[in-house]
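Structural overview for review
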Amino acid sequence: MEATKFLFYFLFLFSIFSTGHGSNSASFSGRHGHDHHHHHELLHRRGNGFGATKLFVFGDSYADTGNIQKSIGGSWKEPYGVTFPGKPAGRFSDGRVLTDYIAKFYGLKSPVPYRWMKYAGNRVRYGMNFAYGGTGVFDTLVPEPNMTTQIDFFEKLLLNDSVFNKGDLPSSLFLVTLAGNDYGSYTASGGTAQGLPIFIRRVVNQLSLNLKRLQKLGAKKIAVTALEPLGCLPRSTVVSSFQQCNVTENIAVNFHNLLLNQAVTKLNNDTKDGSSFVVLDLYSAFTTALENKGDFPGNLKFETPLKPCCMGIREGFNCGSVNEKGEKMYTLCNDTRSAFFWDGVHPTQAGWRAVSIALKTTLNQIH
C-alpha cells in the first residue's frame, strides 16, 4: 500500500516537471555516463559485530578498483588516482572508493580486481572485486559485464575450487552496489518519464533475484546499497551552478529505495538458513555528508559540497580530458580534501571517507 501511494505521488510530480514547468529536469542520469589522508582513521569493527575474513564485491564505478578496460574507463587517465595510489589505477576518484573503506572497516586489504586475478598471488585471500565501472543490473551503454555476469564469474571460481570454496563463504561479506547506470541507460535509450516507475520495478526485481542467487551460492552476509541521491550529483546540479539538487530525480531515487527496502525485508523474512541481508543507506550517507559539509573531526569542510573538484573547462570536456595537442582541458581544485565530489558523478576519497563514517552504525549491526 505504501508503494502504491508513493507511486501516485511520484507520477504526479513527474507529470508536473516533465511538461517543462519549474527548473528541475525530469531526466534521470546514472553514475558513469561520460565522466569516463585520513584512511587509517576509519573505525574498525567493534563489539560483537560480524568479523568478515573476505570481501566479495559486485557493482559499478562506486566500487570498481581496476576492472574496467583502459580503453573505456576515464579512471585510467590523469588526474584520477592523484591522492591514492598517486597515479591512475582504475578507481573513479582521486583516491580510495567505497570498496576500500568497507574492506578497511573489517581490517582487510582491498580485494583484488577480478581482471587482475592472475597477478594477485596471496592477495586473493581477502576476497575478490567483480565490480566494473559503468555497469548495471541489466546491460548498459558500457560494454562491460552486468551483475548477472559478475555473479557468473564468482560462481565459476567457486566451482573451480582452486581459488575459493564454499567453506570460505559463511565468514565473508558480499557487497552489492549498483543501479544508477541502469537509469542513465534508460534515459539515453529514449525511456520516458511515464514508463520509469515500471522500469524501476524491473530493476529492483532483478536485483532481488541476484541477491537471492548469491544466497543460494552460499553467501550468508549480503550488504546492498540503496541508491545515492542522483539529483545531487554535479552532472545534475551544474544547471543551478552547483547550488541545489534536482528534486525530481531524487523522488525517483526514493521510489527505487522504497522498493529495495521492501524486497530486502521479504528476503530476510523468507530466509531459513541463518543468512541475512542489510541495506547500506547511501542516500542518507550522502545527504548527511553534503548537509554537514563534511564537518567532523579530522576532516576539512566541503565548502561548496555540490561542486566537483575536477571538471572540464567547458561543455564537451570532462575531468581527465585533453585536446589533440595533449593539453589539459580540465581544472582541478586546490585541495581534494575540501571537495565531496571528485568529478560529475563520483566522490573524492574524502567524500567516501565521510560516507563510510555515516555507514558505520549499519556495518556494526551486521552479525
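Everything discussed here concerns the structure shown above.
Definitions and cut-offs
- Residues numbered from 1 in each chain as written.
- Predicted model: local features only at pLDDT ≥ 70, side-chain atom pairs only at ≥ 80, totals over all residues.
- Heavy atoms only, no water.
- Buried < 20%, exposed > 50% of the residue type's maximum accessible area, 1.4 Å probe, protein only.
- Helix = DSSP H or I, 4+ residues; strand = E, 2+ residues; numbered from the N terminus.
- Pairing = 2+ DSSP bridges.
- Phe/Tyr/Trp six-rings, centres within 6.5 Å; stacked < 30°, edge-to-face > 60°.
- Axes fitted to C-alpha atoms, helices over the stretch in contact; angles between N-to-C directions.
- Left-handed = near helix turned anticlockwise from the far one by under 90°.
- Contact = heavy atoms within 4.5 Å.
- Nonpolar A, V, L, I, M, F, W, Y, C, P; charged D, E, K, R; others polar.

**Quick look at the pairing of strand 4 (residues 172–177)**
- The buried count for strand 4 comes to six of six residues, which makes it a mostly enclosed element.
- Sheet analysis places strand 1 (residues 54–59) next to strand 4, joined by six bridges and oriented parallel. Bridging across to strand 4, V57 finds its partner in L175.
- Alignment of strand 4 against strand 5 (residues 221–225), held across four bridges, turns out to be parallel. The residue bridging L175 from the neighbouring strand is A223, located in strand 5.

**Regarding the packing of aromatic side chains**
- This model, assessed by the stated rule, comprises 24 aromatic pairs.
- With a centroid separation of 6.0 Å and 80° between ring planes, the pair formed by F130 and F154 is classed as edge-to-face. Here F154 lies in helix 3 (residues 147–160) and F130 lies in the loop between strand 3 (127–129) and helix 3, a separation of 24 residues in the sequence.
- Ring geometry for Y183 against F199: centres 5.7 Å apart, planes inclined by 85°, an arrangement best described as edge-to-face. One end of the pair, Y183, is in helix 4 (residues 180–188); the other, F199, is in helix 5 (residues 196–216), with 16 residues separating them in the sequence. Residue Y183 shares its accessibility class with F199, and that shared class is buried.

**Some details on the packing of helix 5 against helix 7 (residues 247–270)**
- The contact between helix 5 and helix 7 brings their axes to 10 Å, and the two run at 35°. Judged by the twist between their axes, the crossing of helix 5 over helix 7 is right-handed. Taking contact as the criterion, the partners of L196, P197, I200, R201, V203, V204, L207, S208, L211 and K212 in helix 5 are, on helix 7, A252, F255, H256, L259, L260, A263, V264 and L267.
- Among the residues forming the contact of helix 5 with helix 7, the class breakdown is 14 nonpolar, two polar and two charged.

Fair warning: the whole summary comes from geometry, so function is off the table for now.
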